[in-house]
Amino acid sequence: MSVQERQKRLPQHAILDSAGIEYYAESTRRGTYAHAPWETFWQERYCFLKEHGYVLRPRYEPKWRPSWIGTGIHPAYCEDSVMLMRHQVIDARRQKDNELVAIKQSLTDSQEQYIIQFLSSLKDERNHSVPVYAVLPDPFDPQLALMVMPFLRPCYNPEFTTIGDAVEFIDQMIEGLVFLHSHRIAHRDIAFANIMMDAKPLYPNGYHPARLHCSEDLLQESTPLPRAGRSIRYYYVDFGLSIKFPEGAPPYAVGDVGRDAEVPELSPDVPYDAFKVDIFALGNLFRKKFEQQFNSMEFLLRLIEPMTRRQPETRPTAEQVLVEWQSTRAELNESLFRWRLGPKSEPAIGRMFNDTVAVAREGIFCLRKLVGT
């Protein structure tokens, strides 16, 4: 796209006057948009990754020159002004199919890399662990490897909007935990931040990998489609604390780290059952992110209460959680899945209005179903 064509698509405030041009030219010269140290790491590997079929964004090309120089366009509206915020992970395009991927630094002999590669080798629909497409040796540091994975979004971005959205998420997370435990793997750091999703069905036109709310060219907002009726797959990520226990070995671990500080038995020196920690953490996630925040989620209490008991030995296994969830889910009316997730903090007037709209939508849905359209 030429500079002139690009300017036509930009809002008026994105086009700088002469003073603005000079200000941002000077700002650029001073290094405001220069590579951060962790970005330099990736720029040094640009050519290596390209040789292996993965292309980083133009910002990381060896001879990068800011694209806004001499154009009169505000740097914020130029894609290559966007800095990388996650130090160990970068986005790239796979050349053979243009798929957006994530590339993560990893220690070659780390437990995390071993577990992720092991899980990725297991082809099973119940496997909700982030897959690995390739593991490349780092070209400069023999102790590092570069793991190529699908590019995923946080599971909560965009927000869940219907009870059915939440139910589908819970389905997959319980199924995935059963799968992990069946292979003697304890995640040990289950939290909202460590669950991500393949959001391609929600964004058919894509989005910017470092500014998720924007289109790839930053010229407009990226607006998601509803989750309902679309195949969204959720994944456990970040296996840095995970352990794979040998068959027959007791699943005990020590350590008081992890995102969920409410797990009661965590200790730096007293061993605890790592599988029961996962059960508590997942149940606590369901409680904090769904049952406590939204109306009409009381059906989760049957699941949450036993999962978050303070005494680990009284908590169910992942298999038992699945059985209880399947029983609970079977009792739910299908129309409930289409009902909106109404925040408990919502003012009464707002709730009444939004519920009225939801009832109208449900009526339209039932009418269309009745007449077969």
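Residues numbered from 1 in each chain as written. Predicted model: local features only at pLDDT ≥ 70, side-chain atom pairs only at ≥ 80, totals over all residues. Heavy atoms only, no water.

(A) Main features of the overall build of the protein. Of regular secondary structure, the protein possesses 11 helices and 12 strands. Each of the three principal axes of the protein carries a C-alpha extent, and together these read 65 × 60 × 35 Å. In the protein, which comprises 373 residues, the proportion classed as buried is 49%. The contacts of the protein with a sequence gap of at least 6 include a subset with a gap of at least 24, amounting to 68%. With an accessible surface of roughly 19,100 Å², the protein has 55% of that area assigned to carbon and sulfur atoms. A gap of 4 Å separates the mean positions of the 44 positive and 49 negative side-chain charges of the protein. (Helix = DSSP H or I, 4+ residues; strand = E, 2+ residues; numbered from the N terminus. Buried < 20%, exposed > 50% of the residue type's maximum accessible area, 1.4 Å probe, protein only. Contact = heavy atoms within 4.5 Å. Areas by Shrake-Rupley, 256 points an atom, 1.4 Å probe, with all protein chains shown as cover. Lys, Arg positive; Asp, Glu negative; His and termini not counted. Charge placed at Lys NZ, Arg CZ, Asp CG, Glu CD.)

(B) Looking closely at the packing of helix α6 (residues 163–182) against helix α7 (residues 274–291). Close contact between α6 and α7 brings their axes to 11 Å; oriented N to C, the two are set at 175°. With respect to each other, α6 and α7 are oriented roughly antiparallel. Seen from α6, the contacting residues are A166, F169, I170, M173, I174, L177 and H181; seen from α7, they are F275, D278, I279, L282, L285, F286 and F290. Tallied by class, residues from the contact of α6 with α7 come to 12 nonpolar, one polar and one charged. (Axes fitted to C-alpha atoms, helices over the stretch in contact; angles between N-to-C directions. Parallel < 35°, antiparallel > 145°, perpendicular 65-115°, else oblique. Nonpolar A, V, L, I, M, F, W, Y, C, P; charged D, E, K, R; others polar.)

(C) Structural context of α6. The end-to-end C-alpha separation of α6 is 29 Å, in line with the 28 Å expected for 20 residues at 1.5 Å each. Burial analysis of α6 places 17 of its 20 residues in the buried class, the great majority of the element. Trailing α6 by a residue or two, R184 shows a phi angle of about 65°, which is positive. (Expected span 1.5 Å × (residues − 1).)

(D) Main features of the environment of P343. Along the chain, P343 turns up in the loop between α10 (334–337) and α11 (348–371). For P343, a relative accessible area of 26% gives the class partly exposed. C-alpha separation for the pair P343 and T308, spaced 35 residues apart in sequence, amounts to 23 Å.

(E) Summary view of the sheet that holds strand β4 (residues 134–137). If you trace the five strands from one edge of the open sheet to the other, you get β1-β2-β3-β5-β4, paired in antiparallel fashion. In this open sheet, the two edge strands, each paired with only one partner strand, are β1 (54–55) and β4. (Pairing = 2+ DSSP bridges.)

(F) Inspection of the pattern of salt bridges at higher detail. Taken as a whole, this structure holds 22 salt bridges when the rule is applied. Between E125 and R233 there is a salt bridge, with its nearest N and O atoms 3.7 Å apart. In this pair, E125 is assigned in the loop between α5 (111–120) and β4 and R233 in strand β9 (residues 233–236), connecting sequence segments 108 residues apart. In this structure, the salt-bridge partner of K288 is E262, at a minimum N-O distance of 3.0 Å. (Salt bridge = Lys/Arg side-chain N within 4 Å of Asp/Glu carboxyl O.)

(G) Layout of the packing of α6 against helix α9 (residues 318–330). Contact geometry for α6 and α9: axes closest at 9 Å, N-to-C directions at 155°. In terms of orientation, α6 and α9 fall into the roughly antiparallel class. The interaxial crossing formed by α6 with α9 has left-handed handedness. From α6, V167, I170, D171, I174, L177, V178 and H181 reach across to α9, where they touch A318, E319, V321, L322, W325 and R329. In terms of residue class, the contact of α6 with α9 is made up of nine nonpolar, one polar and three charged. (Left-handed = near helix turned anticlockwise from the far one by under 90°.)

(H) Looking closely at the sheet that holds β9. The strand order β6-β8-β9 describes an open sheet built from three strands, whose pairing is antiparallel. Looking at the sheet topology across the chains shown, the edges are occupied by β6 (153–154) and β9. In this structure, β6 lies alongside strand β8 (residues 195–198), joined through two bridges in antiparallel fashion. Looking across to β8, one finds that R153 is bridged to M197.

Interpretation in functional terms is not warranted from these geometric data alone.
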